[in-house]
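Next come the chains, spelled out residue by residue.
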Amino acid sequence: GMMRPQGYAGVGMPRPVARPPVANVAVAKPPAKPGYKVTSQSKKDEIGIQTLVGDYEEKGTNHGKKFYQKVQKISGHEDVKVFMYYWDARDGADFSGWWFGDQVGGSQVWARSPSHGPAPPRAGWKVPWDAPAAEAGILSVDPTTGAGAVAPAAGGGGGPMTAPKNPAAMGGA
């Protein structure tokens, strides 16, 4: 049963020609990794906000959700890395949600969202992470590549919590 007849491979060869639709879908995706662009409408010149603003690319998975690392270096602090990641409730509800920090699960954190969606929420971030409330427009997290694929998931995940804040953020800017 181990030996395959030589003709078997030959029969299989022409088959990929019948599959262009699958290949085309893959090619249509941007070559860049999926990621996010973080911006701020805040007038405050907080070092925390400047640290977070920039482009983030996908780096791996933590606690079942993707995490991202900031692409740009921080001037004057080139060795500081910035990650956006999800942390589950293993350390308690107060520590669960989406975070910005210098390492995944590290002690140095700049911002937090209590959202548990599959992707980081667009709004509702607290800066600093223990601020009494999320300031409208202080941080906006928008998908940069493959936006069509990412947006519905993000909206579905954090929808009820983040949706009401968006109009306020636009109007208050």
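Computed from a predicted model, the values in this text were never measured in an experiment.

Got a minute to help me understand the nonpolar core in this structure?
The tendency in soluble globular proteins is for nonpolar side chains to be buried as a group. Formed by 20 residues in total, the largest nonpolar core has its most connected members in L52, Y56, M84, F100, W125 and L139. Broken down by secondary-structure element, the contributors of at least two residues to this core are strand 1 (35-39), helix 3 (47-52), strand 4 (83-87), strand 5 (97-101) and strand 6 (109-113). Aside from chain neighbours lying at most four places away, what touches M84 is Y36, Y56, F67, Y68, W98, W99, F100, P120, W125 and V141. Grouped together as the second largest cluster of nonpolar side chains are six residues, F67, Y85, W87 and W99 included.

I'm lost on the confidence of the model for the protein chain in this one. Help?
Predicted coordinates in regions of low pLDDT should not be interpreted in detail. Residues with a pLDDT of 70 or more make up 63% of the protein chain, whose mean pLDDT is 77. Model confidence for the protein chain, summarised as mean pLDDT per element, is weakest for helix 4 (residues 147-162) at 40 and strongest for strand 4 at 98. Every residue in residues 23-31 scores below 50 in pLDDT, and together they form two contacts with partners more than four places removed in sequence or on other chains. Segment residues 147-169 is flagged for pLDDT under 50; beyond a separation of four residues in sequence, or across chains, it makes 20 contacts in the model.

Is there a simple way to think about unusual backbone geometry in this case?
Negative phi is the rule for most residues except glycine; trans is the rule for most peptide bonds. With omega at -5°, the peptide bond leading from V127 into P128 counts as cis. With respect to the helices, strands and loops of the structure, P128 is situated in the loop between strand 6 and strand 7 (140-143). In this model, H63 sits at a positive phi of 50°, which is unusual for a non-glycine residue. Tracing the chain through its elements places H63 in the loop between strand 2 (54-62) and strand 3 (65-70).

Honestly, the pattern of salt bridges in this entry has me stumped. Any pointers?
Any two side chains of opposite charge can pair, on the condition that their charged atoms come close. What the rule picks out here adds up to four salt bridges. In this structure, D55 and K37 form a salt bridge, with 3.2 Å as the shortest nitrogen-oxygen distance. In this pair, D55 is assigned in strand 2 and K37 in strand 1, connecting sequence segments 18 residues apart. With a relative accessible area of 24%, D55 lands in the partly exposed category. Between D142 and R122 there is a salt bridge; the shortest N-O distance is 2.6 Å.

Rules used in this analysis
Residues numbered from 1 in each chain as written. Predicted model: local features only at pLDDT ≥ 70, side-chain atom pairs only at ≥ 80, totals over all residues. Heavy atoms only, no water. Core = buried A, V, L, I, M, F, W, Y, C linked by side-chain atoms within 4.5 Å. Buried < 20%, exposed > 50% of the residue type's maximum accessible area, 1.4 Å probe, protein only. Helix = DSSP H or I, 4+ residues; strand = E, 2+ residues; numbered from the N terminus. Contact = heavy atoms within 4.5 Å. pLDDT = per-residue confidence, 0-100. Salt bridge = Lys/Arg side-chain N within 4 Å of Asp/Glu carboxyl O.

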